[in-house]
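The residues making up each chain are set out below.
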Amino acid sequence: IKLVVFDVDGTLYSQSALRLRMLSELLVLALSAQGREQLKIIATYRRLRETYAERELEGFDTALVAETAVATGCKPEAVRATIAEWIYRRPLRHLKACVFPGVLELFQSLKTTGKTVAIFSDYAAEAKLEAMGLTADYIASADDPNIAALKPNPKGLMGLMQKAGASPDETLLIGDRQERDGEAGQRAGVHTLIRSSKPLAEFQTFRNYADPIFAALTAAR
């Protein structure tokens, strides 16, 4: 393996731990009419984003914001402001405490053994990586204008391989959703590893970053 590509949400950090840390902020938000409107925007946006991924609509952002605005009876500017605040900015201060054990050490070991580390995310990832204390050689996200496609579309992954000069057989994708990360990996023809508490028929899995597979991955050449 020459190139190791990571998903972010649910792969590098615990989403359940993040939600728990943000619970008090969300409860306060629910106390006001404006806050309840924002909660409705967040829920609607997330739900519609999932359907856009299933439909594989490229250039989805403008249409997603517009549809969320119509569904919630809010202006598109209010949708963008709410998403920027509650999906992109607010969680950042909590992320470092939610990083899975072993992730930082794995990143360091991969770089020490000469492997290229990349990020393939459905959301902008630069600020999240900084908040977690992680760095990557290359980053691709669905929010990038030159990608503008959600997983399982492998467009971003294909671009990462091109930048790194790695073939599919030299690339490993590590994610947590078989229907998104797993399928994107299959379409791109790369090795795929899915974080899961139970075995999956189509994919090799791991439970945590103490799994022996990572020791083999970071063994010196």
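Refer to the structure presented above.
A short tour of the structure in this document, coming up. Just so it is clear, the structure is predicted and the values come from calculations on it, not from any experiment.

Brief notes about the overall build of the chain
Now for step 1: A tally of helices and strands in the chain yields ten helices and six strands.
Now for step 2: At 18 Å, the chain has a C-alpha radius of gyration in line with the 17 Å of a compact globule built from 221 residues.
Now for step 3: Its C-alpha atoms put the chain at 60 × 35 × 30 Å along the principal axes.
Now for step 4: For the chain, buried positions account for 48% of its 221 residues.

Re the environment of Val-65
Now for step 1: Tracing the chain through its elements places Val-65 in helix H3 (residues 61-72).
Now for step 2: Considering only alpha carbons, one finds Val-65 and Lys-155, 90 residues apart in sequence, at a separation of 22 Å.
Now for step 3: Ignoring sequence-local partners within four residues, the contact set of Val-65 consists of Pro-76, Val-79 and Arg-80.

Some remarks on the packing of aromatic side chains
Now for step 1: With the rule as written, the count across this model stands at six aromatic pairs.
Now for step 2: On the basis of an interplanar angle of 35° and a centroid distance of 5.1 Å, the ring pair of Tyr-209 and Phe-214 is categorised as tilted. Neither residue differs from the other here; Tyr-209 and Phe-214 are each classed as buried.
Now for step 3: By way of ring pairs, the aromatic residues Phe-100, Phe-206, Tyr-209 and Phe-214 are connected into one cluster.
Now for step 4: Seen from the ring of Tyr-52, Arg-55 lies directly overhead, with NZ or CZ sitting 5.0 Å from the centre.
Now for step 5: Positioned above the aromatic ring of Phe-120 is the side chain of Lys-151, whose terminal nitrogen or guanidinium carbon lies 4.8 Å from the ring centre.

A closer look at the pairing of strand E3 (residues 138-141)
Now for step 1: Where strand E2 (residues 116-121) meets E3, four bridges bridge the pair, whose relative direction is parallel. Paired with Ile-119 across the two strands is Ile-139, which belongs to E3.

Quick look at the nonpolar core
As a rule of thumb, soluble globular proteins bury nonpolar side chains together.
Now for step 1: Core analysis: the largest hydrophobic core is formed by 31 residues, its most contacted members being Phe-6, Leu-12, Met-132, Ile-174 and Tyr-209.
Now for step 2: The set of elements that each furnish at least two residues to this core consists of strand E1 (3-6), helix H1 (15-29), helix H5 (92-98), helix H6 (103-112), E2, helix H7 (126-132), strand E4 (171-175) and helix H10 (212-217).
Now for step 3: The greatest single-element share of this core, amounting to four residues, is contributed by H6.
Now for step 4: With sequence-adjacent residues up to four places away left out, Ile-174 is seen in contact with Val-4, Val-5, Phe-6, Asp-7, Thr-11, Leu-193, Phe-206, Tyr-209 and Phe-214.

Rules and cut-offs
- Residues numbered from 1 in each chain as written.
- Predicted model: local features only at pLDDT ≥ 70, side-chain atom pairs only at ≥ 80, totals over all residues.
- Heavy atoms only, no water.
- Helix = DSSP H or I, 4+ residues; strand = E, 2+ residues; numbered from the N terminus.
- Rg over C-alpha atoms; globule rule 2.2 N^0.38 Å.
- Buried < 20%, exposed > 50% of the residue type's maximum accessible area, 1.4 Å probe, protein only.
- Contact = heavy atoms within 4.5 Å.
- Phe/Tyr/Trp six-rings, centres within 6.5 Å; stacked < 30°, edge-to-face > 60°.
- Lys NZ or Arg CZ within 6 Å of the ring centre and 35° of its normal.
- Pairing = 2+ DSSP bridges.
- Core = buried A, V, L, I, M, F, W, Y, C linked by side-chain atoms within 4.5 Å.

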